[in-house]
There are 2 protein chains.
Amino acid sequence: MNKLDSLRALMRSRDWDAVVLTGSDPHGSEYIPERYKQIRFLSGYGGEASGLVVTADEAGLWTDTRYLIEARHALEGSGITLHPQKRLGCEDLARWLGEQRDLTRIAVDALTTSAGFADALQQAVGEECEVVGVPELLAPLWPDCPELPQTPLFTVDSREGRRAKLDFLRDFCRTRHCDALLLGALDEVAWTLDVRASDIEYNPYVISYLLVSANEAVWYVLKDSVADPGSEDALERIAADGVRIEDYSAVLLLSEDLGGGGRLYCSPDSLNIALHEALHGAGVEMVAGESPVAAKKAVKTEDEIEALQRAHLLDGIAMEKFLFRLERELEAGRSVSEREAAILLGRLRGESEEYLSDSFETISAYGPSAALPHYVTPEEPAPRLRREGLYLCDSGGQYLCGTTDITRTVPLGACTLQEQEDYTLVLKGHIALASAVFPEGTPGCRIDALAREPLWKAHRNYGHGTGHGVGFLLGVHEGPQSIRQDLNPVALEPGMVVSCEPGIYREGQHGVRHENLLLCVQDGENDFGKWLRFETLTLCHFDVGALLPELLTQAEIRWLNAYQEKVFRTLSPYLSEEETRWLEKKTAALRD
Amino acid sequence: MNKLDSLRALMRSRDWDAVVLTGSDPHGSEYIPERYKQIRFLSGYGGEASGLVVTADEAGLWTDTRYLIEARHALEGSGITLHPQKRLGCEDLARWLGEQRDLTRIAVDALTTSAGFADALQQAVGEECEVVGVPELLAPLWPDCPELPQTPLFTVDSREGRRAKLDFLRDFCRTRHCDALLLGALDEVAWTLDVRASDIEYNPYVISYLLVSANEAVWYVLKDSVADPGSEDALERIAADGVRIEDYSAVLLLSEDLGGGGRLYCSPDSLNIALHEALHGAGVEMVAGESPVAAKKAVKTEDEIEALQRAHLLDGIAMEKFLFRLERELEAGRSVSEREAAILLGRLRGESEEYLSDSFETISAYGPSAALPHYVTPEEPAPRLRREGLYLCDSGGQYLCGTTDITRTVPLGACTLQEQEDYTLVLKGHIALASAVFPEGTPGCRIDALAREPLWKAHRNYGHGTGHGVGFLLGVHEGPQSIRQDLNPVALEPGMVVSCEPGIYREGQHGVRHENLLLCVQDGENDFGKWLRFETLTLCHFDVGALLPELLTQAEIRWLNAYQEKVFRTLSPYLSEEETRWLEKKTAALRD
């Protein structure tokens, strides 16, 4: 009996008309531990999705345009319908359920479903249908579900320091007339306590909760992870700053740490139903709202910015060595697979002592593979690179000095005119945003079109956002700012880091994406107000082999020449003589 | 005793702690009859404002950045504080009142205050303070307040026709489970009944209400206006389409036309408190929401588009004759004042038999005058034009074949480098938006920055929106679409008309604005989706005398040359030989 059938049997035995799985974890994370990969367990689809719905006779998976092609492949023959979603979040999925007839009980997993999602779902399906949170919903089908990871802890020295950050949260509580604040988002806990680990793949987080009240702070974390000296030391430092360490499971009893009852500020998106019900049952009044940490940590401190520049130096060295080696291997007629290329890049990043891990799974995609914006490079035998067309590599590193994210699209030989046009138009879009100047208070959605207009003029576009925030030795995706089509009103501020990654994707043919990380900086003040612009953090040349210079304006050529020159000047001291000569050619100025 | 003192005396006698006047009329109009110009009566300031507040010891006027300089002049010595507002609408004013102490009763005028405004105000000041609607609040101070105008009616033949439009509204009512719908916005009544008049200056409206229920339609209009044969005829046509004509004042009894009670769909922004209370008192259940007319009439029909092209031909002829005459007058050393120039332009527009009136008061502004985006040209003695610097003229006409709105900034002689830079940068912004291509579903706020980025790059900007909708022989400003900084989610659609009017303003020096009207049109479909672009409707050359061509890209020069050539080709057949020779020089191509 396949998994869907088993689930439906379970549904019949429990009187559930539908089951909804969100693909998240108890903390509302984007990247989740193996233990919570319920959608992959049931559907075989391992990418991001905003939900899987199973009813007695239907099953559907909702995901956005970035993942359509990949999801379509994964779901073939699974009996699960793919639903492309227009909006981010669960809106579409919830509406679909609202349109189904005769649903009286919908079961959601109590741990991996946020209170926010459950609310939205309940509203969509109406009163006549009950949304019930079920503890360990899949346990009967998934006995060998993996345990939670516990990895060594280490602390980072932030400019503000833990005590100041805790006081910042206490001040915020007062403004909201709350007795305490609960942080459930793993990156926010890590930022506040200046602590890191590797509990989540690619994300240096510690699976834990943080409760901050006027007179104390309690960190709910898996005790057993205190197995090594480094972790011991980290826990001591944290405790020394007035943080009480409790076992992770004790979070369900946090009402006692609140002295029973009280007003608790928390974000419904990082609060799962199980915890929500426990708090509600204990008479805690929950005040729902955006966490103040997101906006605060998005603005990097001077120290963080300095460190980030070093992170991008290290990353640039690894990238150039990688591109050099790749070109040499192919010139020598040696066979290189997408997978081998990804492994080579990881090894070169690893040559830095400050490298911890990649910041997400490297997208190593040749030719048609690159038409999937979020292609997952398969295990061997993976597609092999050939000396023609475009190779796209989207990757990043977690370094002690910060998080990186870079995409380069590289011509491996002759390119079609369309490949060259796409390569050039996307670069025009990249330059337009990277060189933008804008007034204080401008939200990213108002300048997103700058990166798209050169593509739009040629009737081309891409189905993903142009830019996301990037954490400091935290998640490679963070808010609250973004540069995308959604009308997100959060203004860009000096100190914020955003990616700039326009692209073009042609199913079955090729994909192009040019991604650098940008730092938002001040650009003076005059009668017209205060001005902002971007400084490019990423250091790696763009390969002009696929470029049609005649499509560039003089200003665009000047930008490109200046960038290439800066890349060469900054990186060459760290490269071998041979690599340096090669990079000098690669970064030779185009005629203006 | 000055007017503020008289008002305060009235306030004391009535126990009002504050009086709020909104500067609107009973229909929530932007342009209002003399009878309702209460803010000008009290403050002397005649421009747009979102409100005047008077308390026992304070008085304040709220207006946005466009009107600051003008308002500052008008309020000098009036004892009224000018409050620049950040957001459109009454939000700032309401917040200010919310922050005042000891307010228990705020009086608003029952006729000129919308239910929507009153709600927002009540929410801002909280329960302990009562917002009361007072009928004819200013009557004791303003005995000689002018009567309502009544002007001849005439009908227009729309492609759909009255009956179809009424049925469209009936269908909408059904979807909202309402028994009837009330239109209070004057442009929406005029559009639905295909009727026009000139009750409002610059706006061909009939002061009236329209009630549409399943089995009838009632038009509440001032009966006495049925004094001329044309109006008689118009009323007959309208009645012939199943519309009952009632006296304007009978709208207060419309609950009877509803058969008492019932569900009435209406927009709180065009429903004044007096009417709202009458309906409420009669047991009518009011369902508040956006009127469906705005979105419908924003998308012009093929017939309307054809007519609009003729309107812009007529307007272009008048504009070119005006610019020619102006240049000749100044060359001949004759003295021309801002006012005389405005009068000349009005006379030239009037030479067309299809011209009804201007579509707003012409902004004829020389040099520093133009630094006020909404400058009001004073009566004689007005500033005189000199043969140097920039002259800005923003004007438009109401023609039987449509509404126009155009701004040209003209060098009258030598210009400073800054004037030339500003002129050129604004033109770059204009071209960027006018030549934009964008995917279906794009709201204007996402492409507003295209018009600003060339200015932003030079640290320059403008404090007003880039584009507004324009009606068909209706208001020169209409929604729901817009191209501005506010995150208005309404998508641009084929058939919509928007203005494109970037600018730069330097107090005490000069102002630049280049405005054309654009028609949104389809631009094909491919793998990437459906595409839209703009077609320029306006026909009038840009004077390259103030242009710095070296600041333009080749693509910008190509756009400009093509536009100038089209202007000459289209208009020259309607110009005198001398005017044609002149326009040929003015539109000579720049070297690409």
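Scoring rules and cut-offs
- Residues numbered from 1 in each chain as written.
- Chains lettered and ligands numbered in written order.
- Predicted model: local features only at pLDDT ≥ 70, side-chain atom pairs only at ≥ 80, totals over all residues.
- Heavy atoms only, no water.
- Helix = DSSP H or I, 4+ residues; strand = E, 2+ residues; numbered from the N terminus.
- Contact = heavy atoms within 4.5 Å.
- Buried area = accessible area lost by both parts, 1.4 Å probe.
- Salt bridge = Lys/Arg side-chain N within 4 Å of Asp/Glu carboxyl O.
- Polar contact = N/O pair within 3.5 Å; in protein donor to acceptor, adjacent residues only side chain to side chain.
- Domains from an automatic or database assignment.
- Nonpolar A, V, L, I, M, F, W, Y, C, P; charged D, E, K, R; others polar.
- Buried < 20%, exposed > 50% of the residue type's maximum accessible area, 1.4 Å probe, protein only.
- Least-squares fit on C-alpha atoms with pLDDT ≥ 70 in both.
- Pairing = 2+ DSSP bridges.
- Axes fitted to C-alpha atoms, helices over the stretch in contact; angles between N-to-C directions.

### As for the side chain of Ser359 of chain B
Residue placement: Ser359 of chain B occurs in the loop between strand 15 (355-358) and strand 16 (363-366). Contact partners of Ser359 of chain B, with chain neighbours within four places excluded, come to Tyr202, Gly396, Gly397, Gln398, Thr403, Thr404 and Val476 of chain B.

### What to know about the interface of chain A and chain B
One frequently used descriptor of interface size is the decrease in accessible area upon assembly of the parts. Facing 30 residues of chain A, the contacting portion of chain B comprises 30 residues. Buried surface at the junction of chain A and chain B, summed over both partners, amounts to about 2600 Å²; 63% is from carbon and sulfur atoms. Summed over the shared surface of chain A and chain B, the number is two salt bridges. Notably, a salt bridge pairs Asp448 of chain A with Arg446 of chain B, separated by 2.0 Å at the nearest N-O pair. Across the contact surface, chain A and chain B share nine residue pairs in polar contact (both at pLDDT 80 or more).

### Let's talk about the domain arrangement of chain A
Residue and element names in this part refer to chain A. Entries for chain A in the domain assignment read domain 1 (3-134), domain 2 (154-297) and domain 3 (299-577). Domain 1 and domain 3 are separated by 33 Å when their C-alpha centres are compared. Between domain 1 and domain 3, the contact holds nine residues from the first and 13 residues from the second. With both sides pooled, the region where domain 1 packs onto domain 3 buries about 980 Å², and carbon together with sulfur makes up 56% of that total. Applying the counting rule to domain 1 against domain 3 returns one salt bridge. The interface formed by domain 1 and domain 3 contains two residue pairs in polar contact (both at pLDDT 80 or more). Classifying every residue of the side of domain 1 that touches domain 3 by side-chain character gives four nonpolar, one polar and four charged.

### Let's talk about the environment of Ser499 of chain A
Residue and element names in this part refer to chain A. Along the chain, Ser499 falls in strand 24 (residues 497-500). By relative accessible area, which is 0% here, Ser499 ends up buried. Placed 14 residues apart in sequence, Ser499 and Arg513 show a C-alpha to C-alpha distance of 12 Å. Once residues lying within four places of it in the same chain are set aside, the contact partners of Ser499 are Thr466, Gly467, His468, Glu515, Asn516 and Leu517. Here the side chain of Ser499 touches Glu501 through a polar contact of 2.8 Å, side chain to side chain.

### Overview of the relation of the copies chain A and chain B
If you rotate chain A by 180° and push it 0.1 Å along the axis, it lands on chain B with an RMSD of 0.0 Å. What we have between these two chains is a two-fold relation. When C-alpha distances to the rotation axis are compared across chain A, the minimum falls at Arg446 of chain A, with a value of 2.6 Å. The residues that chain A uses at the interface reappear at the interface of chain B in 100% of cases, marking a shared surface.

### Remarks on the sheet that holds strand 1 (residues 18-21) of chain B
All names here are of chain B. Ordered in space as 4-3-2-1-5-6, the six strands form an open sheet in which the pairing is mixed. Strands with a single pairing partner mark the edges of an open sheet, and in this sheet they are strand 4 (81-84) and strand 6 (130-134). Pairwise comparison of adjacent strand axes, ignoring direction, gives a mean angle of 25° for this sheet. With four bridges joining them, strand 3 (residues 59-63) and strand 4 adopt parallel strand pairing. Pairing of Thr63 across the sheet is with Pro84, part of strand 4. Seen against the sheet, helix 1 (residues 3-14) touches strand 1, strand 2 (51-55), strand 3 and strand 5 (105-109) and runs at an angle of roughly 65° to strand 2.

### Brief notes about the pattern of salt bridges
Residue and element names in this part refer to chain A. Per the stated rule, a full pass over the model turns up 92 salt bridges over all chains. Across the salt bridge formed by Asp448 and Arg452, the nearest N and O atoms sit 2.6 Å from each other. Of this pair, Asp448 and Arg452 are both found in helix 15 (residues 448-456), four residues apart, which corresponds to roughly one turn of the helix. The same class applies to Asp448 and to Arg452, which are both buried. Here the residues in one salt-bridge network are Asp187, Lys297, Lys300 and Glu478, joined through shared partners.

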